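Fold and contact review
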Amino acid sequence: MTRLSVLLSIIFFFVCTKSHAQSNSEWTKPTEPFRIAGNVYYVGTYDLACYLITTDEGNILINTGLAESADMIRKNIERLGFRYSDTRMLLNTQAHFDHVAAMARIKKETGAKLMAHEADAPVMEDGGKSDFLFGADKSFAFEPVSVDRVLHDRDTITLGKTKITVLHHPGHTKGSTSFMVDAPDEKRSWRVLIVNMPSILPQTRISGMPKYPGVGKDYAYTLEQLKSLKFDIWVASHASQFQLHDKRKPGDLYNPEVFRDNTGYEASINTIRKQYNDRLKSETKK
Ligand SMILES: [Zn+2]
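Each chain carries its own residue numbering, running from 1 in the direction its sequence is written. The model is predicted, so local features are restricted to residues of pLDDT at least 70 and side-chain atom pairs to those at 80 or more, both for listing and for counting; the totals for chains, interfaces and linings are taken over all residues.

Quick look at the overall build of the protein chain
- A helix here means a DSSP run of H or I that spans at least four residues, while a strand means a run of E at least two residues long, and both kinds are numbered starting from the N terminus. A count of helical and extended segments in the protein chain gives eight helices and 12 strands.
- The globule rule used here is 2.2 Å times the number of residues to the 0.38 power, and the radius of gyration it is set against is calculated over C-alpha atoms. For 286 residues, the compact-globule estimate of 2.2 N^0.38 gives 19 Å, and the protein chain sits close to it at 19 Å.
- Considering only C-alpha atoms, the protein chain reaches an extent of 65 × 40 × 35 Å along its principal axes.
- The 286 residues of the protein chain split such that 41% are buried. As a rule, residues whose C-beta atom has 12 or fewer other C-beta atoms within 10 Å are exposed, those with 20 or more are buried, and those in between are partly exposed; C-beta atoms are placed from the backbone.

Right under this line is the structure:
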């Protein structure tokens, strides 16, 4: 190692550990729960987005954050005036520990039915062991949880008067899923997209991986699908992905309009598209 490369790796180490610690503190930090639009509410942590969709026949919880965030999510639900025990269905946008690790506990406590896309269902049931990227790494593991209903692209999930459309958006995980739901309030109905933005992890090889040969094709498919979706407002798996904390401050009154942001949506997709192209280019060069 040259002196320069030693210096660079020391800097790299500190930058990486620092940014890792920062992202983790935002993952567990609390934030005010609030009504997004109609019967769709934000009940997640500062960065790990969890959504509660309320109906007159019980409620649907999408995503859980880390295992230790279960209490925070329950409190957020109660702070909004809903009953935790009314949770009937559990959904997730991707089977990574930062979005599903509290699923097993919440399922036990509420008796809700867990639904997951067929390609992520095995990962949910083995606690992350069969994940194509992180399966071997125990720090990404979570408590296994049984799936009660296996979902497919375009399936409909119905509870009370609410119908949710399942949109399979593979790449980030094989069974990554977005959800579309019409959420009526006192004045109108909002078409809400809860999107799993297909962020590309540094470890992913777009040109194909032993446990996921078609990963590049899936990313390309998802990016195309996302472009064609029609909705009024959008939110995502991470608060940072849709700039929640710029759009809404604690104490702000109910205003779905702030989540319209078609420009931000298109910009996010374009950024990932560029990242995809750059990555593919550098992989084929090697
Ligand atoms: Zn993830």
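Overview of the nonpolar core
- Among buried residues, those of type Ala, Val, Leu, Ile, Met, Phe, Trp, Tyr and Cys that are joined through C-beta atoms within 7 Å form a set called a nonpolar core. Residues Val 40, Tyr 51 and Val 192 are the most contacted members of the largest nonpolar core, which totals 66 residues.
- Here this core takes five residues from strand 11 (residues 189-195), the largest share from any one element.
- For Val 192, the contacting residues outside a window of four places in its chain are Ile 36, Ala 37, Val 40, Val 181, Ala 183, Phe 231 and Ile 233. We call two residues in contact when their backbone-placed C-beta atoms lie within 7 Å.

As for the packing of helix 6 (residues 215-228) against helix 8 (residues 262-285)
- Interaxial distance between helix 6 and helix 8 falls to 11 Å at its minimum, and their mutual angle equals 160°. One finds that helix 6 runs roughly antiparallel with respect to helix 8. Note on packing geometry: the crossing formed by helix 6 with helix 8 is left-handed. Residues Gly 216, Tyr 219, Leu 223, Leu 226 and Lys 227 of helix 6 form the contact with helix 8, whose participating residues are Ile 269, Ile 272, Arg 273, Tyr 276 and Leu 280.
- Residue polarity is assigned by list, with Asp, Glu, Lys and Arg as charged and Ala, Val, Leu, Ile, Met, Phe, Trp, Tyr, Cys and Pro as nonpolar; anything else, Gly included, falls into the polar class. Considering only residue class, the contact of helix 6 with helix 8 consists of seven nonpolar, one polar and two charged. Only C-alpha atoms enter the line fits that serve as axes; for helices the fit covers just the stretch in contact. Angles between N-to-C directions range over 0 to 180 degrees. Angles below 35 degrees are treated as roughly parallel, those above 145 as roughly antiparallel, those between 65 and 115 as roughly perpendicular, and all remaining angles as oblique. Note on convention: near helix rotated counterclockwise from far helix by under a right angle means a left-handed crossing. Clockwise means right-handed.

Describing helix 6
- With 14 residues, helix 6 extends 21 Å between its outermost C-alpha atoms, agreeing within 8% with the 20 Å of an ideal straight helix rising 1.5 Å per residue.
- Within helix 6, the full set of buried residues consists of Val 215, Gly 216, Asp 218, Tyr 219, Thr 222 and Leu 226. Seen from one end, helix 6 has its buried residues packed into an arc of 160°, which puts them on one side. Those residues of helix 6 that are exposed and angled more than 90 degrees off the buried face are Glu 224, Lys 227 and Ser 228.
- Contacts from the buried residues of helix 6 go to strand 11 and helix 8. A helix is expected to span 1.5 Å multiplied by its residue count minus one. The arc in question is traced by the directions running from the helix axis to the C-beta atoms.

Here's the deal with the pairing of strand 10 (residues 177-184)
- When DSSP finds at least two bridges between two strands, those strands are taken to pair. Both strand 9 (residues 162-168) and strand 10 contribute to a ladder of five bridges, which runs antiparallel. Each bridged residue has a counterpart across the sheet, and for Thr 165 the counterpart in strand 10 is Met 180.
- Where strand 10 meets strand 11, six bridges bridge the pair, whose relative direction is antiparallel. Bridging from a neighbouring strand, Val 181 pairs with Val 192 of strand 11.
- Counting the residues between successive antiparallel strands, the hairpin from strand 10 to strand 11 contains four residues.

Comments concerning the environment of Asn 277
- Checked against the element boundaries, Asn 277 lands in helix 8.
- Take Asn 277: there are 11 C-beta atoms within 10 Å of it, and that puts it in the exposed class.
- In sequence terms Asn 277 and Ile 206 are 71 residues apart; their C-alpha atoms lie 9.1 Å from each other.

Concerning the sheet that holds strand 9
- The strand order across the open sheet built from five strands is 8-9-10-11-12, with neighbouring strands paired in mixed fashion. Edge positions in the sheet fall to strand 8 (156-159) and strand 12 (233-236), since each of these pairs with one other strand and no more. On average, adjacent strands in this sheet sit at an angle of 25° to one another, irrespective of strand direction.
- Across four bridges, the pairing between strand 8 and strand 9 is antiparallel. By the bridge assignment for strand 9, Ile 157 is matched with Ile 164.

Describing the environment of Asn 92
- Among the secondary structure elements, Asn 92 is positioned in the loop between strand 5 (87-91) and helix 3 (97-100).
- Other than its neighbours up to four places away in sequence, Asn 92 contacts Ile 62, Asn 63, His 99, Val 100, Met 103 and Ala 116.

Some thoughts on the environment of Gly 44
- Note on placement: Gly 44 falls in the loop between strand 2 (40-42) and strand 3 (51-55).
- It is 26 Å that separates the C-alpha atoms of Gly 44 and Lys 187, two residues lying 143 residues apart in sequence.
- Once residues lying within four places of it in the same chain are set aside, the contact partners of Gly 44 are Ala 49, Cys 50, Asn 63, Gly 65 and Ala 239.

Let's talk about the sheet that holds strand 6 (residues 113-117)
- Taken together, seven strands build an open sheet; the order of strands is 1-2-3-4-5-6-7 and the sheet is mixed. Either end of the sheet is taken by a strand with one partner, and the two such strands are strand 1 (34-37) and strand 7 (149-151). Strand-to-strand twist of the sheet, defined as the mean angle between neighbouring strand axes without regard to direction, takes the value 25°.
- Summarising the sheet, strand 5 and strand 6 pair through two bridges and their orientation is parallel. Bridge assignment links Met 89 to a residue of strand 6, and that residue is Lys 113.
- With respect to the sheet, helix 4 (residues 103-110) is in contact with strand 4 (58-62), strand 5 and strand 6, its orientation differing from that of strand 5 by roughly 160°.

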